Amino acid sequence: MDAYEKLINKAKNESEFRPSDGPKKVKRAINSSKWKIILSTITVILLIVPTCYMLTFGYYAFGTKSTTLMDVASKTLYITEPNTTLEEMEFDMDFSLFSMNLAFEQYKQIGDDFYPAKHYDLQFVLNDLVEKNEDSKLEKVYPGYPTQTNQWIAHPKQMIEFDSAKEWRVLAGLPEETVVEAYISLDNLYRVEEVETAMENVDVTWAAVYTGREETMLSSDGDVISPIGYPVQPDETYWSPFRESTSHEETFLEMLKELQPYERIAEEVSPHKNLELEERIAYIEEQGFETYGVVVTGPKSEIESLRELDMVRYLKVGEVKLWNWAR
Amino acid sequence: MELGTIKNTVLHICGWLSVVMGLIFLADINLSLLSGYDGALSNIFSSWIMLSVVLGVISTFNKKSRSLGLWGLGLSIYLGLFMAVIFILGWTIVPFP
């Protein structure tokens, strides 16, 4: 036997005594595959939520923009809620899976100061308003669901449901040291400037605009419509659509046109249900701006003195606060 | 143990580490998105992801551990993309400071 054969035999003998590592390898491979399957399943599961978030953010950035929904909500309230304003920094936006939450505070001018009126909490799923919560801090809540005659501001040919004589008596009974918000219905259609001139000692805060349907408060289709109007006082709030507006009337008309493509959302946001923007925009563009009622605020005695004006038909007392009139 | 086996084992461990690190961060993101609170790892995002990328790249050098490395790298790229999308689009959709 030569040296080479000896070496081969030795190697063969060694390999016979070495325990085989085949089953160990197989076990390790099975283990590795098992973990790969477990971790790949976990990977797929964990990718779902972040991917949905990216899609949500993409939708609110490039689809129906979050800022558009916010604008629609704020503009709707400016034109449908008499004497209200919103604060930009009070807006709170939260995003969750395919939905957006929008919360903000609404204010009212009573006398010289602004007071919190309502807290809105709107929940959108994509661009659909699915939940609306309103937390009102008001003592007198404007009728939410309009009928033909339950409005606080009525057209000269329209009836009212409240007793205006009683409202005047309530106003007379208030202490002199109070400031009052009042809803005044006029005896005819006027230009807002005429009303402001006639009521120079109080602030005319909001004017209801005649859109051709307010005699009956019914649209041409027979649906009950809501009063719409615009804030009259200059508004320097950064967020306000009326900031630096040279003509509030034109800004109002522009807002109506901007809201028109989103009328469904606007009607969901607004406590007033039917806006019927198309026919009302057409009327305003053709006939111009005239008002049939305004919201005013000022010292109690000054509001009371408005009774002497021929143009004042009805009055409804709104919010009352302690004296803050520093003029 | 032979040098080749040691190399294989190390590269495999790197691959697994890269994948597990990516998954831990992904789980942390899920938790923060669903609970609404900041995740525990959000402050060390860049170093965590960098480490995961490096480990992933290392493990792609070997044919046997390449799939693990690519998996870890894919997770890291996804996490980077997620952070970028959320930051950029978040800045677009929330108009307040």
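Just so it is clear, the structure is predicted and the values come from calculations on it, not from any experiment.

Caption draft 1: Representation of the domain arrangement of chain A in the model. Structurally, chain A comprises domain 1 (21-55) and domain 2 (141-322). Centre-to-centre, using C-alpha coordinates, domain 1 of chain A lies 65 Å away from domain 2 of chain A.

Caption draft 2: Here's a closer look at the interface of chain B and chain A. Facing the 26 residues of chain B at the interface are 28 residues of chain A. Summed over both sides, the interface of chain B with chain A buries roughly 2300 Å², with 83% coming from carbon and sulfur. On the surface where chain B and chain A come into contact, there are zero salt bridges. For the pair chain B and chain A, the number of links is six residue pairs in polar contact (both at pLDDT 80 or more). Where the side of chain B that touches chain A is concerned, the elements lending two or more residues are α1 (3-35) and α3 (66-93) of chain B. With twelve residues, the single largest contributor to the side of chain B that touches chain A is α3 of chain B. Looking at side-chain class alone, the side of chain B that touches chain A contains 23 nonpolar, three polar and no charged residues.

Caption draft 3: Summary view of the pairing of strand β5 (residues 128-136) of chain A. All names here are of chain A. Of the pairings in the sheet, the one linking strand β4 (residues 113-125) to β5 comprises eight bridges and is antiparallel in character. The residue of β5 that forms the bridge with K118 is S136. The antiparallel pairing of β4 with β5 creates a hairpin that spans two residues between the two strands, and L126 there sits at a positive phi of about 50 degrees.

Caption draft 4: View of the UniProt feature "transmembrane region" (unreviewed entry) in chain B. Residues and elements named next belong to chain B. Taken from the UniProt record, the annotation "transmembrane region" (unreviewed entry) applies to residues 9-27, 39-58 and 70-94. Note that residues 39-58 is 70% helix and 0% strand, and that its end C-alpha atoms are spaced 28 Å apart. In residues 70-94, helix accounts for 96% and strand for 0%; the two terminal C-alpha atoms are 35 Å from one another.

Caption draft 5: A look at helix α8 (residues 277-287) of chain A. Residue and element names in this part refer to chain A. The set of residues buried in α8 consists of L277, R280, I281 and I284. Taken around the axis of α8, the buried residues stretch over an arc of 100 degrees, which confines them to a single face. Of the exposed residues in α8, the ones pointing more than 90 degrees away from its buried face are E278 and E286. Packed against the buried residues of α8 are β7 (203-209), α6 (248-259) and α7 (263-269).

Rules and cut-offs
Note that residues are indexed from 1 along each chain, following the sequence as it is written. Here the convention is simple: chains get letters from A, ligands get numbers from 1, in the order in which they are written. Confidence filtering applies because this is a predicted model: local features only for residues at pLDDT of at least 70, side-chain atom pairs given and counted only at 80 or more, and all residues used for totals across whole chains, interfaces and linings. Here the side-chain values reflect all heavy atoms present in the structure, with hydrogen atoms and water set aside. An automatic or database domain assignment is the source of the domain bounds shown. The contact criterion used throughout is that any non-hydrogen atoms of two residues lie within 4.5 Å. Throughout, buried area stands for the accessible area (probe radius 1.4 Å) lost by two parts on being put together, summed over both. The salt bridge criterion pairs a side-chain nitrogen of Lys or Arg with a carboxyl oxygen of Asp or Glu, the two atoms within 4 Å. Here a polar contact is taken to be a pair of N or O atoms separated by no more than 3.5 Å, where protein atoms must pair a possible hydrogen donor with a possible acceptor and residues adjacent in sequence count only if both atoms sit in side chains. Here a strand is any run of E in DSSP of at least two residues, a helix any run of H or I of at least four, and the numbering for each starts at the N terminus. Ten residues, namely Ala, Val, Leu, Ile, Met, Phe, Trp, Tyr, Cys and Pro, are considered nonpolar, four, namely Asp, Glu, Lys and Arg, are considered charged, and the remaining ones, Gly among them, are considered polar. When DSSP finds two or more bridges between a pair of strands, those strands are recorded as paired. UniProt positions are given in the numbering used here, feature names are shortened, and annotations may be inferred rather than shown by experiment. Partly exposed describes any residue whose relative accessible area lies between the buried limit of under 20% and the exposed limit of over 50%, with all areas from a 1.4 Å probe on protein chains only and scaled to the type maximum. As used here, the arc is the angular range of directions from the helix axis to the C-beta atoms.

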